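Structural characterization, general
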Amino acid sequence: MHIHQLSVSHDERQDRLLLRLNTQDGQEFRFWLTRRMANRLLPALDQSVARLEATQPGIAATDTASQQMLTEFKRDAFLKTADFSTPYAAAPRALPLGDAPLLVTDAQLSLQPTGALQIIFQNKTGETNQSCHLNLQAPLVHGMVHLIRQSMAKADWGLVPQEATKDSDTAQGMAVHTPAYKH
């Protein structure tokens, strides 16, 4: 599955974040992130993308401070090249997880030998045990982190995530080369 677009928005009725990932072949994967899940997921995504960036060839960031500086540098570079004007394609041809977004109750993150971050979103409620595996390259993870932060700030949950106000006017969408992201 090759992710083409990413969208994060706050749904006031549900008081949750709706994360949507659109593939090049028109499939859309939808996930609900609760306040609690988003608040727990962000630090884990930040740590994972820092480790992911530090494993890239030619990078010598071995200590935490160096990894954090590298991650901030890479995220800034990514945001400068991102295209916030590309609209999110809201008419998927297929919804592999069904019409309703998957409520994420558990998430597992692991670095892959391919240089990607594997994210497993799971719904473990009652008798339901549904999961979805995503393999994201560093630019997509940076985009996801950025849009989740912006959406959390707009949700007015009383949380002040890092970078929430940075580039707040550009929250409509972003793209790097062909992938596009929308808030």
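Each remark here, short or long, concerns the structure printed above.
Here's a quick rundown of the structure. Sequence positions are assigned chain by chain, starting from 1 and proceeding in written order. Per-residue local features are limited, in this predicted model, to residues with pLDDT of at least 70; the limit for side-chain atom pairs, both in listing and counting, is 80 or more; totals at the level of whole chains, interfaces and linings are taken over all residues. To obtain the side-chain values, all non-hydrogen atoms of the structure were used and water was disregarded.

**Some words on the pairing of strand S5 (residues 106-111)**
- DSSP bridges decide pairing: two strands pair if at least two such bridges lie between them. Segments assigned H or I by DSSP are reported as helices when at least four residues long, segments assigned E as strands when at least two residues long, and all are numbered from the N terminus. Sheet analysis places S5 next to strand S6 (residues 117-125), joined by six bridges and oriented antiparallel. By the bridge assignment, aspartate 106 is partnered in S6 with glutamine 122.

**A short note on the sheet that holds S5**
- With respect to topology, three strands assemble into an open sheet ordered S5-S6-S7, the strand pairing being antiparallel. Looking at the sheet topology across the chains shown, the edges are occupied by S5 and strand S7 (128-136). Strand-to-strand twist in this sheet, taken as the mean axis angle between neighbours without regard to direction, amounts to 15°.
- Sheet topology places S6 next to S7; nine bridges connect them, and they run antiparallel. Residue pairing for S7: glutamine 122 is matched across the bridge by serine 131.
- Its contacts with the sheet put helix H1 (residues 35-54) on S5, S6 and S7, and the angle it makes with S5 is roughly 5°.
- Between two residues, a contact is recorded if the distance between any of their heavy atoms is within 4.5 Å. Note on geometry: axes are C-alpha line fits, over the in-contact stretch for helices, and angles between N-to-C directions span 0 to 180 degrees. Running over the sheet, helix H3 (residues 138-155) touches S6 and S7 and is turned about 120° from S7.

**Some points on the nonpolar core**
- Core analysis: the largest hydrophobic core is formed by 35 residues, its most contacted members being Phe31 and Ile148.
- Contributions of two or more residues to this core are made by strand S1 (3-11), strand S2 (16-23), strand S3 (28-33), H1, S6, S7 and H3.
- Broken down by element, this core gets its largest block of residues, nine residues, from H3.
- Every residue in contact with phenylalanine 31, bar those within four places of it in the chain, is listed here: Leu17, Leu18, Leu19, Leu21, Leu97, Pro101, Leu102, Val104, Phe121, Cys132 and Leu134. Take the buried Ala, Val, Leu, Ile, Met, Phe, Trp, Tyr and Cys residues and link them wherever side-chain atoms come within 4.5 Å; each set so joined is a nonpolar core. Each residue's exposure class comes from its accessible area (1.4 Å probe, protein chains only) as a fraction of the maximum for that residue type: buried when under 20%, exposed when over 50%, partly exposed otherwise.

**Regarding the packing of aromatic side chains**
- Only Phe, Tyr and Trp rings are paired, with Trp represented by its six-membered ring, and only when their centres lie within 6.5 Å; those with planes under 30 degrees apart are stacked, over 60 edge-to-face, the remainder tilted. In this structure the tally under the stated criterion is one aromatic pair.
- With a centroid separation of 4.8 Å and 55° between ring planes, the pair formed by phenylalanine 31 and phenylalanine 121 is classed as tilted. Of the two residues, phenylalanine 31 sits in strand S3 while phenylalanine 121 sits in strand S6, which places them 90 residues apart along the sequence. Like phenylalanine 121, phenylalanine 31 is buried.

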